[in-house]
Amino acid sequence: MTQSSSKSHEAATPIVIVGHVDHGKSTLIGRLLHDTDNLQDGKVAQIIESSKKRGLKIEWSFLLDSLQIERDQGVTVDSTRIPFRLGLREFVIVDAPGHRQFLRNMITGAADAEAAVLVVDAAEGAREQTRRHAMLLHLIGIRHVIVLLNKVDLLDFDQQKIEAVQESVGELLAKLDLKAAVFVPASARDGDNIATRSERTPWYSGPTLTEVLAEVPSPESRTELPLRLPVQDVYRFGDKRYVAGRIERGRVRVGDTIVIGTQKTRARIASVESWHTAPQISAIAGQSVAITLEPDVIPDRGDILYLPDNAPVEAARVKTRLFWLRQEPLRVGETFKLRLATAEHTVTVASIDTVLDLENLTAHHGDEVAAEGFAEITLAASETIQFDPFAPGTADGRGVLVDRHQRIVGGAPLIGAALTQAGETVIHPAGSHVSAVDRTRAHGHKGAVFWLTGLSGAGKSTVARHAESQLFAQGLNVSVLDGDTLRAGLCKDLGFSEADRTENVRRAAEVARILQDAGQVVLVALISPLQSDRLLAKQIIGEGFQEVFVDADLSVCEQRDPKGLYAAARQGKIANFTGIDAPYEAPHAPALHLKTSANNVDSATSNLADFIKGFVRFARPARLQS
């Protein structure tokens, strides 16, 4: 067989094309298909007619309109896959969406790409989505990156200006350990340096885009890698038990000894069978097979079959490079399913190790991962996970996090085992399987924390207890954490030094957060005199924190003195008493300000209860019909 004919039978090479919205990505693909004779008859006339109807010049991007919404909104929604041929070589172009709403689609579309074309508007340079897409290419592991500097006609093909943009984009990629194979200055609309060399860039001696694509390495064979056969299912027909799955790497042969998953049972491959074919002696990566084993052991779905001398990594704590897709932030303690090939493992976010700042592409410590954020996190499982660490250009370690509704909420390629340092206490906080949404539906309200701060005697506990009774009577799941009650139990080891007051606030906030996450409305009645301590509480509790200032003059509080504390402080019997010899820092902008000097408990209670109901969007849950 000649080399040419051999190439024609190679698997098509996937190429993903990404870029910031409006940087000309879809126009590029349309022009590329036209200039390489990959368009169906009549398509050009159709594009011209569609462009005229909209009062536009010829709009090559209309070729990519698989959805009407793309024409109406001017953005690519779906990850469109387009067969494409250069000479005898076949490609698949993946047009991945540039708009931030559709990044989930981009991950799906780009997952198997061999190379990427990053489209950058030369007149605008790298934008937010350029950085995000570059990070996604790094996350997905695409090694071959081509940068197309589009719309260079807007810079009058000026070499100095174009090379300045090239340098800035190169610096961006270098921060992500990416290196462009080549920078191509082009005008996709006019065809400059797409399939033919442009006369308007005489200073450019590099290849055209089609010449670069022709040099993209073909997909590497995974047949020579160590065997990995994830078990999809086990079937029994007659007296035979068949283990079914797709060979991800390597090959299987009749007579081979394999090891089954974490149970480490060894067995011999007795036969290799495939659908609609005669029994085979062997099978290779990419084939779906059913094998029989001797002895007749029973693997579980998700077990990996491998050869004894090439085992995968095993760990119960793993590090992953995360791209977070859920709109709500990710926090430590949340629990998900880690889907890895055919296996699923229940995992808990044990730590958020670093969060990437997309503005400057630097990593820093963080307590949460925002929507569409990137981070390195540690996942903890109660069982051993078998995996191969993620490597660019392979499918190894490509995990995803799935919530209880079976929605993919994060791309999570596994980068290795999380090592436990000497002396480190390994804690696996576990999140609930009951979602906040389900709790809201059941209770008729969401969880939240209302932090009542004020001087001793201002009426915090009195108002909190009255509001608790009123809200409970109206069907809210509500509780009060009172300062004295906490100090009688959980915090009885603490004094009244500044450090102990801070610790008292921290403990109260941690308990309040747990109750909030369980769907409760929590009223915390705590002096908490320092703004820094209340800020700490807000950071622990999160978005549900609402500061309520119960405000009474010091003279009024001292006159009330229900517990005799002010008198004792004046006599020197109590040190560091707030308002006497320790400061109280009033809130600058509380969510609710209750003035209680006039002993208007009913009014304050009503105002607090109304505020709480408005914040938690109270709606009485439907009664079950008997």
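Each residue is numbered by its place in its chain's sequence as written, counting from 1. With the structure being a predicted model, the display of local features is reserved for residues of pLDDT at least 70 and the display and counting of side-chain atom pairs for 80 or more, all residues being used for whole-chain, interface and lining totals. Think of the side-chain values as coming from all heavy atoms in the structure, minus any hydrogens and water.

As a further point, take the sheet that holds strand S28 (residues 592-595). Pairing in this open sheet of five strands is parallel, and the strands run S25-S26-S24-S27-S28 from one edge to the other. Strands with a single pairing partner mark the edges of an open sheet, and in this sheet they are strand S25 (478-482) and S28. Recorded for the sheet is a direction-independent mean angle of 20° between the axes of neighbouring strands. Examined bridge by bridge, strand S24 (residues 448-453) and strand S26 (residues 521-525) share five bridges and lie parallel to one another. Bridge pairing in S26 links Phe450 to Leu523. Whether two residues are in contact is decided by their heavy atoms: any pair within 4.5 Å suffices. Axes here mean lines fitted to C-alpha atoms, for a helix over just the part in contact, with angles spanning 0 to 180 degrees between N-to-C directions. Strands are runs of DSSP state E lasting at least two residues, helices are runs of H or I lasting at least four, and both sets are numbered from the N terminus onward. Packed on one face of the sheet, helix H12 (residues 498-517) meets S24, S25, S26 and strand S27 (545-551) and runs near 150° to S24. The strands touched by helix H16 (residues 601-615) within the sheet are S24, S26, S27 and S28, with S28 carrying the most contacts at an inclination of about 170°. Between any two strands, pairing holds if DSSP finds at least two bridges.

One less than the residue count of a helix, multiplied by 1.5 Å, gives the span that helix is expected to have. With 17 residues, helix H7 (residues 159-175) extends 25 Å from end C-alpha to end C-alpha; this agrees with the ideal 24 Å at 1.5 Å per step. Remark: exposure states derive from per-residue accessible area (1.4 Å probe, protein chains only) relative to the maximum for the residue type, with buried under 20%, exposed over 50%, and partly exposed in between. Among the residues making up H7, those that are buried are Ile162, Val165, Val169, Leu172 and Leu173. Summarising the axial view, the buried residues of H7 lie within an arc of 95°, below the 170-degree limit, and thus occupy one face. Opposite its buried face, H7 presents the exposed residues Gln160, Glu167 and Lys175, each directed more than 90 degrees away. Turning to H7, the residues buried within the fold contact strand S4 (115-121), helix H6 (128-140), strand S5 (144-150) and strand S6 (180-185). Counted as a polar contact is a pair of N or O atoms within 3.5 Å, where, for protein atoms, one must be capable of donating a hydrogen and the other of accepting one, and residues adjacent in sequence contribute only when both atoms are in side chains. With a side-chain oxygen lying 3.0 Å from the backbone nitrogen of Gln160, the N-terminal cap of H7 falls on Asp158. Looking one or two residues beyond H7, the residue adopting positive phi is Asp177, at roughly 60°. The reported arc concerns the directions from the helix axis to the C-beta atoms and nothing else.

Let us look at unusual backbone geometry. A cis geometry characterises the amide bond from Glu294 onward to Pro295, with omega recorded as -5°. Residue position: Pro295 is located in the loop between strand S13 (288-294) and strand S14 (304-306). Backbone geometry at Asp156 places phi at a positive 60°, although glycine is not the residue there. Looking at where Asp156 falls in the secondary structure, it is placed in the loop between S5 and H7. Overall, the relative accessible area of 64% leaves Asp156 in the exposed class.

Right, let's talk about the nonpolar core for a bit. Counting 34 residues, the largest nonpolar core has Val16, Leu137, Val147, Leu149 and Leu173 as its most contacted members. For this core, the secondary-structure elements that each account for two or more residues are strand S1 (13-19), strand S3 (89-95), S4, H6, S5, H7 and S6. Core analysis: the next-biggest nonpolar cluster, separate from the first, contains 31 residues, Leu455, Leu471, Ala569 and Phe577 among them. Only buried residues count toward a nonpolar core. Its members are Ala, Val, Leu, Ile, Met, Phe, Trp, Tyr and Cys residues joined through side-chain atoms within 4.5 Å.

Attention shifts here to helix H13 (residues 531-541). Residues Asp533, Arg534, Ala537, Ile540 and Ile541 constitute the buried set of H13. Down the axis of H13, the sector holding all buried residues measures 115°, keeping them to one side. Buried residues along H13 sit in contact with S24, H12 and S27. Looking one or two residues past H13, Gly542 carries a phi angle of roughly 90°, positive in sign.

The next subject is empty space enclosed by the protein. In this analysis, the protein atoms alone were mapped onto a 1 Å grid. Cavities are point sets where a 1.4 Å probe fits without being able to get out; pockets are open sets with protein on both sides within 12 Å along at least five of seven lines; lining residues have an atom within 4 Å of a point. Grid points are joined across faces, edges and corners, and a volume is the space filled by probe spheres set on the points. In total, this model carries two cavities of 30 Å³ or more according to the counting rule given. Its boundaries defined by the atoms lining it, the largest cavity holds a volume of some 40 Å³. As for the largest cavity, its lining consists of Ile15, Ile17, Leu32, Phe84, Phe91, Ile93, Val117, Leu209 and Leu213. Contributing elements (two or more residues each) for the lining of the largest cavity: S1, S3 and helix H8 (209-214). Residues belonging to the lining of the largest cavity are distributed by class as follows: nine nonpolar, no polar and no charged. Three classes are used, and their members are as follows: Ala, Val, Leu, Ile, Met, Phe, Trp, Tyr, Cys and Pro are nonpolar, Asp, Glu, Lys and Arg are charged, and the others, Gly among them, are polar.

Per-residue pLDDT for the protein chain averages 84, and the proportion of residues at 70 or more is 84%. Each residue carries a pLDDT score, the predictor's confidence in it, ranging from 0 to 100. Scored below 50 in pLDDT, residues 1-9 makes four contacts in the model with residues more than four places away or belonging to other chains. Low pLDDT (under 50) marks residues 98-102, which in the prediction has 15 contacts with non-local residues, meaning those over four places away or in another chain.

With that out of the way, let us pick up the sheet that holds strand S7 (residues 229-237). Here six strands make up a closed barrel; going around it, the order is S7-S8-S13-S11-S10-S14 and the pairing antiparallel. When the angles between neighbouring strand axes are averaged without regard to direction, this sheet yields 50°. With two bridges connecting them, S7 and S14 associate as antiparallel partners. Within the sheet, the bridge partner assigned to Leu229 lies in S14 and is Leu305.

All right, on to the side chain of Arg241 then. On the secondary structure map, Arg241 appears in strand S8 (residues 240-246). In this structure the side chain of Arg241 is engaged in a polar contact, spanning 3.1 Å, whose partner is the side chain of Asp296.

Note on aromatic contacts: the rings of Phe and Tyr and the six-membered ring of Trp form a pair at centre separations within 6.5 Å, being stacked when their planes are under 30 degrees apart, edge-to-face when over 60 apart, and tilted otherwise. Taken as a whole and assessed by the stated rule, the structure comprises eleven aromatic pairs. Taking the centre distance of 5.7 Å and the plane angle of 85° together, the rings of Phe450 and Phe615 count as edge-to-face. Here Phe615 lies in helix H16 and Phe450 lies in strand S24, a separation of 165 residues in the sequence. Between Trp451 and Phe545 the ring centres are 6.0 Å apart and the planes differ by 40°, which places this aromatic pair in the tilted class. Of this pair, Trp451 sits in strand S24 while Phe545 sits in strand S27, and the two are 94 residues apart along the sequence. Classification of Trp451 as buried rests on a relative accessible area of 0%.

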